[in-house]
Amino acid sequence: MLRLVGIALLLWATTAAAEMRSVQDYFFQPKLGDFKADLETARHTGKSGVLLMFVQEDCPFCARMESTILSQSEVQDYYRKHFLIYEMDVRGDSPMTDFKGANTTEKDFALKNRARATPTFIFFDNQGDPVTRFTGPTRDAAEFLLLGRYVVDGAYKTEPFSAYKASIK
């Protein structure tokens, strides 16, 4: 019996490892720096909006999210289906155009959107308005998928994520 449990665990571990993919290739889209144009793309491709993950170099929580949650194929496939997804450096000086068409930098855009702690996930609707914010890492992939569903289903309009999460259990 113990041997069967060991084999089952080995098969599960092998399967789980096979479902891990590059975050840069399968989760984030390449950032061109024009979020106003990205909104148009999101609308024309039937996306629910844009998800920005605010990060900074050497952030252990960002690294944990990327290595354990954002690298999972199920997470990548769900989020790519429903959102355009970009990584934003809270200390970055890269020039960009915000959702309203104003020229800014990543750092200034992060400050304007109160993304000080990392990671901070901000979901924007197709008009460029922030609709949901989640600061810090999620507990696991299931919670992160639930967060995406919370936005896609429009539950953010009637209840906070904590209440939504409690009602699902």
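Heads up: the structure comes first, above all this text.
Cut-offs and rules
- Throughout, residues of each chain are indexed from 1 in the direction in which the sequence is written.
- Local features in this predicted model are restricted to residues whose pLDDT is 70 or higher, and side-chain atom pairs enter the listing and the counts only when it is 80 or higher, whereas totals over whole chains, interfaces and linings include all residues.
- The basis for every side-chain value is the complete set of non-hydrogen atoms in the structure, without hydrogens or water.
- Secondary structure elements are defined from DSSP: runs of H or I of at least 4 residues count as helices, runs of E of at least 2 residues count as strands, and each element is numbered from the N terminus.
- The rule is simple: take the accessible area with a 1.4 Å probe, protein chains only, and divide by the maximum for that residue type; under 20% is buried, over 50% is exposed, in between is partly exposed.
- Residues count as neighbours in contact if any of their non-hydrogen atoms are within 4.5 Å of one another.
- Surface accessibility follows the Shrake-Rupley procedure with a 1.4 Å probe radius. Residue values consider only the protein chains on display as shielding.
- Should DSSP find at least two bridges between two strands, the strands are regarded as paired.
- Under this scheme, a helix contributes an axis fitted over its contacting stretch, all axes are lines through C-alpha atoms, and angles between N-to-C directions fall in the 0 to 180 degree range.

Teacher, can you tell me more about the overall build of the chain here?
What the chain contains, in helices and strands, is 8 helices and 6 strands. In sequence order, the chain lays out its α and β elements as α-α-α-β-α-α-β-β-β-α-β-β-α-α. Among the 169 residues that make up the chain, the fraction classed as buried is 44%. A separation threshold of at least 6 residues defines the contact pool for the chain, and within that pool the share at least 24 residues apart is 67%. Accessible area of the chain: about 9,300 Å², with a carbon and sulfur share of 56%.

Hey, could you run me through the sheet that holds strand β2 (residues 83-89) in this one?
Across the sheet, 4 strands lie side by side as β2-β1-β5-β6; this open sheet has mixed pairing. Of all strands in the sheet, those bounded by a partner on one side alone are β2 and β6 (130-135). Within the sheet, the average angular offset between the axes of one strand and its neighbour, ignoring direction, is 20°. Sheet analysis places strand β5 (residues 120-124) next to β6, joined by 5 bridges and oriented antiparallel. Following the sheet pairing, Phe123 is matched in β6 by Thr132.

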